Amino acid sequence: MSLRKSHPLIKIVNSTLVDLPSPANLSVNWNYGSLLGLILIIQLVSGIILATRFSGHSDLSFDSVISIYQDSNYGWLLRLVHSTGASFFFFFIYLHIGRGLYYGSYIYPEVWNIGVVIYLILMGTAFLGYVLPWGQMSYWAATVITNLLSAIPWLGSVLVEWVWGGFAVGNPTLTRFFALHYLLPFVVTALVILHIFYLHLYGSSNPLGVSSNTNKVSFHYYYSVKDLYVYFVFLFVFMVFTLKYGYIFMDAENFIPANPLVTPTHIQPEWYFLFAYAILRSIPNKLGGVLGLVAAVMVLFIFSISTSKLLFTGSMYSPIARLVFWTLFSDFLLLTWLGSCPAESPYTEVAMFSTVAYFSLMFTLCIWPHVSTYLYLKS
């Protein structure tokens, strides 16, 4: 027996990356998961190195970022890699979730639910990281988002002051945000390992949405070479964006040190949170807006409910499901754009309509496989 099949540690790698039985008909849409793993490694390595030069103090944070740019060898490159990597991370996460919704990957509840939890933690991690440079937009984004906790009845004001570590966003807030931003990626890594474990336990879905147990190939060479090709293409595009357009995802206000006495004209989060921010602003009631913001992401959990009896999943064979999916995709893009617009007419009215459409389309996409199964059995 070869070493890769007999050695207790090597055989784990072998069963994961070499001899893993994989459906023979996977398309490029199934490369997003492995690509996210590569980006996670890039973010971990660049973040740990940056943390050795960063100072998590409200008086020193902004200057320490400038020092990383000017005084550290290739510090500017590491900072741009880390900030650009966050945007690419969420871009491929949305593609990964979209592929799961379109092809019905939610039929494996453990895999799907752990993936949604990873997404939630990554949103928190990205927000904490956005605060760390302690520029104008960082400070006021922290103020606005943490203030949302005040909408919780009875406990709101207590929770806000507990998160702040005082009566306003300040040094205690920044210190604990830095600690959490450093810790959470390792929690994400552990959950990713669990995500992969359950994925390999149940097997991958495929573009046809049918069982592939009779038509499988080994992961290596069929998909390992394909992944390597996608890695090289991604790294080329990623470095072009990093070196030529490194500041395209940054807000100009964040190049100004935080000033509690001057509020920016238009406060907005990073682009990957804009759809949720538009939903938050579209609901006039503060508590309702917070609930809408949370529901915009938590709605993904309902897709994994009662999937064991489904005969039809995904949108491949249903014109109605495909129409709903692509309408939802368009609505997501519209909400992202509306989140960057001022909170005034007509953007507010359009955002309210888009919010109703978002949740309606999500629920329709969720229940349609159940409806299709019921109609098929009844006929």
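As the structure is a computational prediction, the values presented were derived from the model and not from experiment.

About the cut-offs
- Residues numbered from 1 in each chain as written.
- Predicted model: local features only at pLDDT ≥ 70, side-chain atom pairs only at ≥ 80, totals over all residues.
- Heavy atoms only, no water.
- Helix = DSSP H or I, 4+ residues; strand = E, 2+ residues; numbered from the N terminus.
- Rg over C-alpha atoms; globule rule 2.2 N^0.38 Å.
- Buried < 20%, exposed > 50% of the residue type's maximum accessible area, 1.4 Å probe, protein only.
- Contact = heavy atoms within 4.5 Å.
- Lys, Arg positive; Asp, Glu negative; His and termini not counted.
- Charge placed at Lys NZ, Arg CZ, Asp CG, Glu CD.
- UniProt positions renumbered as here; feature names shortened; annotations may be inferred.
- Phe/Tyr/Trp six-rings, centres within 6.5 Å; stacked < 30°, edge-to-face > 60°.
- Lys NZ or Arg CZ within 6 Å of the ring centre and 35° of its normal.
- Polar contact = N/O pair within 3.5 Å; in protein donor to acceptor, adjacent residues only side chain to side chain.
- Domains from an automatic or database assignment.
- Buried area = accessible area lost by both parts, 1.4 Å probe.
- Salt bridge = Lys/Arg side-chain N within 4 Å of Asp/Glu carboxyl O.
- Core = buried A, V, L, I, M, F, W, Y, C linked by side-chain atoms within 4.5 Å.
- Axes fitted to C-alpha atoms, helices over the stretch in contact; angles between N-to-C directions.
- Parallel < 35°, antiparallel > 145°, perpendicular 65-115°, else oblique.
- Nonpolar A, V, L, I, M, F, W, Y, C, P; charged D, E, K, R; others polar.

Engineer: Explanation requested: the overall build of the protein in the structure shown.
Structural biologist: Of regular secondary structure, the protein possesses 15 helices and 2 strands. A compact globule built from 379 residues should have a C-alpha radius of gyration of about 21 Å, and the protein, at 22 Å, falls within 12% of that. Overall, the protein is about 65 × 55 × 40 Å in size when its C-alpha atoms are taken along their principal axes. Sorting the 379 residues of the protein into buried and exposed places 46% on the buried side. Within the protein, contacts between residues separated by at least 24 positions form 78% of all contacts whose residues are at least 6 apart in sequence. Within the protein, one finds 15 positive and 13 negative side-chain charges whose respective centroids are separated by 18 Å.

Engineer: What exactly am I supposed to notice about the UniProt feature "binding site: a ubiquinone" (unreviewed entry) in the protein here?
Structural biologist: In this numbering, the UniProt entry assigns the feature "binding site: a ubiquinone" (unreviewed entry) to His-200. Here His-200 lies in helix H9 (residues 171–202). The partly exposed category is assigned to His-200, whose relative accessible area is 29%. Not counting chain neighbours up to four residues away, the residues in contact with His-200 comprise Thr-16 and Leu-20.

Engineer: I tried to follow the packing of aromatic side chains on my own but got confused; where do I start?
Structural biologist: How two aromatic rings sit relative to each other is given by the distance of their centres and the angle of their planes. Summed over the entire model, instances satisfying the criterion amount to 41 aromatic pairs. With 5.9 Å between their ring centres and 80° between their planes, Tyr-106 and Trp-112 make a pair best called edge-to-face. Taking the relative accessible area as the measure of exposure, Tyr-106 reaches 2% and is therefore buried. Feature note: the residues Phe-90, Tyr-94, Tyr-119, Trp-271, Tyr-272, Phe-273, Phe-275, Phe-332, Tyr-358 and Phe-359 constitute an aromatic cluster, connected by ring pairs. Stacked on the ring of Trp-30, the Lys or Arg Arg-99 has its end atom at 4.6 Å from the ring centre.

Engineer: For this particular structure, what's the right way to read the UniProt feature "binding site: heme b b562" (unreviewed entry) in the protein?
Structural biologist: The sites that UniProt annotates as "binding site: heme b b562" (unreviewed entry) are His-82 and His-181. Maximum C-alpha separation among the annotated residues is 12.9 Å over a sequence range of 100 residues, consistent with a single clustered spot. With respect to the element layout, His-82 can be found in helix H5 (residues 75–103). Those residues in contact with His-82 that lie beyond four places of it in its chain are Gln-43, Ser-46, Gly-47, Leu-50 and His-181. Turning to its location among the elements, His-181 is positioned in helix H9. Owing to a relative accessible area of 17%, His-181 belongs among the buried residues under this scheme. Apart from residues no more than four positions distant in its own chain, His-181 is found in contact with His-82, Thr-125, Leu-128, Gly-129 and Leu-132. A distance of 2.9 Å separates a polar atom in the side chain of His-181 from the backbone oxygen of Thr-125.

Engineer: What's the story with the domain arrangement of the protein in this structure? I'm lost.
Structural biologist: Much of the literature gives interface size as the accessible area that the parts lose upon coming together. Taken as a whole, the protein is organised into domain 1 (26–210 + 217–267) and domain 2 (279–378). When each unit is reduced to the centre of its C-alpha atoms, the spacing between domain 1 and domain 2 is 23 Å. In this assembly, 26 residues from domain 1 lie in contact with 28 residues from domain 2. Of the roughly 2,300 Å² buried at the junction of domain 1 and domain 2 (both faces included), carbon and sulfur atoms supply 73%. Of all residues in domain 1, the largest losses of buried area upon contact with domain 2 belong to Leu-101, Tyr-102 and Tyr-106, amounting jointly to 30% of the total for that side. Run the count over domain 1 and domain 2 and you get 0 salt bridges. Counting across the domain 1 and domain 2 interface gives 5 residue pairs in polar contact (both at pLDDT 80 or more).

Engineer: Mind showing me how you'd approach the side chain of Ser-61 here?
Structural biologist: Residue placement: Ser-61 occurs in helix H4 (residues 61–71). Overall, Ser-61 belongs to the buried group, its relative accessible area being 0%. What Ser-61 contacts, discounting residues up to four positions off in sequence, is Phe-54, Ser-55, Leu-132, Pro-133, Trp-134 and Leu-174.

Engineer: Looking at this structure, I do not really get the nonpolar core. What am I missing?
Structural biologist: It is characteristic of soluble globular proteins that their nonpolar side chains tend to be buried jointly. With 91 residues, the main nonpolar core has Phe-90, Tyr-119, Phe-234, Phe-275 and Tyr-358 as its most contacted residues. Inspection of this core shows a minimum of three residues originating in each of domain 1 (26–210 + 217–267) and domain 2 (279–378). If sequence neighbours within four positions are ignored, Tyr-358 has contacts with Phe-275, Ile-279, Ala-296, Val-299, Leu-328, Asp-331 and Leu-335. Listed in part, the 5 residues of the second largest apolar core include Leu-148, Tyr-277, Leu-280 and Val-290.

Engineer: For this particular structure, what's the right way to read the packing of helix H12 (residues 274–282) against helix H14 (residues 319–339)?
Structural biologist: For any two helices packed against each other, the geometry is given by the interaxial angle and the distance between the axes. Running from N to C, H12 and H14 cross one another at 75°; their axes reach a closest spacing of 7 Å. It follows that H12 is roughly perpendicular to H14 by the angle criterion. Judged by residue contacts, Leu-274, Phe-275, Tyr-277, Ala-278, Ile-279 and Arg-281 of H12 engage Phe-332, Leu-335, Thr-336, Leu-338 and Gly-339 from H14. Taken together, the residues of the contact of H12 with H14 break down into 8 nonpolar, 2 polar and 1 charged.

Engineer: Please explain the environment of Leu-77 as it appears in this structure.
Structural biologist: Turning to its location among the elements, Leu-77 is positioned in helix H5. By relative accessible area, Leu-77 is classed as partly exposed at 23%. Each C-alpha atom of the pair Leu-77 and Leu-243 lies 7.9 Å from the other, and the pair is 166 residues apart in sequence. With residues up to four places along the chain from it excluded, the contact list for Leu-77 reads Met-239, Thr-242 and Leu-243.

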